[in-house]
Amino acid sequence: MDAPYHRLLVADFPSCFGFYGAALPALTGAALAKGAPEGPYASWDLGGRTVLSLFDRGQQASVIGDAALPAGPDRSATAQDHAVLVLRVEDVDRAFALCLRHGGAPVTGPADRPAWGPDLRTAHLRDPEGRLIELQSY
């Protein structure tokens, strides 16, 4: 049996595939196991286990019978985030630069966070569809 993993439902599959396809191998060592830029599904594995997958939002909605509903709620500038994907990395500054080169949008640049823990360094960005990501090292 596989361990639980996250599946992100995405509207712009090619952009998200490009972002996670560049970021996950470089930052976590996860390798593409299934999928291609045209979608509708892709997954990245580490040690034989899926760590993250992408699936076309419209196809998922069709399967569960709610395709007629609005696609939201997406994160907007007027609402707080509901979740954050945290990636532990060797070098926050390098990881942040890599993510930005592949379509990530900066939120907060790399910074030490001593109030959160000794030697903790973080940076925050958004994936191509606005999901919050925290890069951290400690």
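Report on the accompanying structure. Just so you know, these numbers come straight off a predicted model, no measurement behind them.

### Overview of helix α2 (residues 57–64)
Since the α-helix advances by 3.6 residues per turn, residues separated by three or four positions end up pointing in the same direction.
Consideration 1: Along α2, the residues classified as buried are R57, Q60 and A61. In an axial view of α2, the angular spread of the buried residues amounts to 100°, which keeps them on one side of the axis. Among the exposed residues of α2, those pointing more than 90 degrees away from its buried face are S62 and V63.
Consideration 2: Buried residues along α2 sit in contact with β1 (6–10) and β4 (49–56).
Consideration 3: Capping the start of α2, D56 holds a side-chain oxygen 3.1 Å from the backbone nitrogen of G58, two or three residues further along.
Consideration 4: A positive phi of about 85° marks G65, the residue just after α2.

### Examining unusual backbone geometry
Consideration 1: Put simply, G39 and P40 share a cis peptide bond, and its omega is 10°.
Consideration 2: When you line up the elements, P40 lands in the loop between β2 (31–35) and β3 (41–46).

### A word on the sheet that holds β2
Consideration 1: Pairing within the open sheet is mixed, and its four strands lie in the order β1-β4-β3-β2. At either margin of the open sheet sits one strand with a lone partner, and together these are β1 and β2. Across the sheet, the mean angle from the axis of one strand to that of its neighbour is 20°, orientation sign disregarded.
Consideration 2: Relative to β3, β2 is paired through four bridges, and the arrangement is antiparallel. The residue bridging A31 from the neighbouring strand is D45, located in β3.
Consideration 3: α2 contacts β1 and β4 of the sheet and is inclined by roughly 85° relative to β4.

### A few points about the pairing of strand β8 (residues 132–137)
Consideration 1: For β8, the tally of buried residues reaches six of six residues, placing the bulk of the element in the interior.
Consideration 2: One ladder, built from four bridges, connects strand β5 (residues 85–88) with β8; its direction is parallel. Bridge pairing in β8 links L85 to I133.
Consideration 3: Note that strand β7 (residues 121–126) and β8 share six bridges and pair antiparallel. Considered in β8, the bridge of A123 is made with L135.

Quick notes on the rules
Residues numbered from 1 in each chain as written. Predicted model: local features only at pLDDT ≥ 70, side-chain atom pairs only at ≥ 80, totals over all residues. Heavy atoms only, no water. Buried < 20%, exposed > 50% of the residue type's maximum accessible area, 1.4 Å probe, protein only. Helix = DSSP H or I, 4+ residues; strand = E, 2+ residues; numbered from the N terminus. Arc of directions from axis to C-beta. Contact = heavy atoms within 4.5 Å. Polar contact = N/O pair within 3.5 Å; in protein donor to acceptor, adjacent residues only side chain to side chain. Pairing = 2+ DSSP bridges. Axes fitted to C-alpha atoms, helices over the stretch in contact; angles between N-to-C directions.

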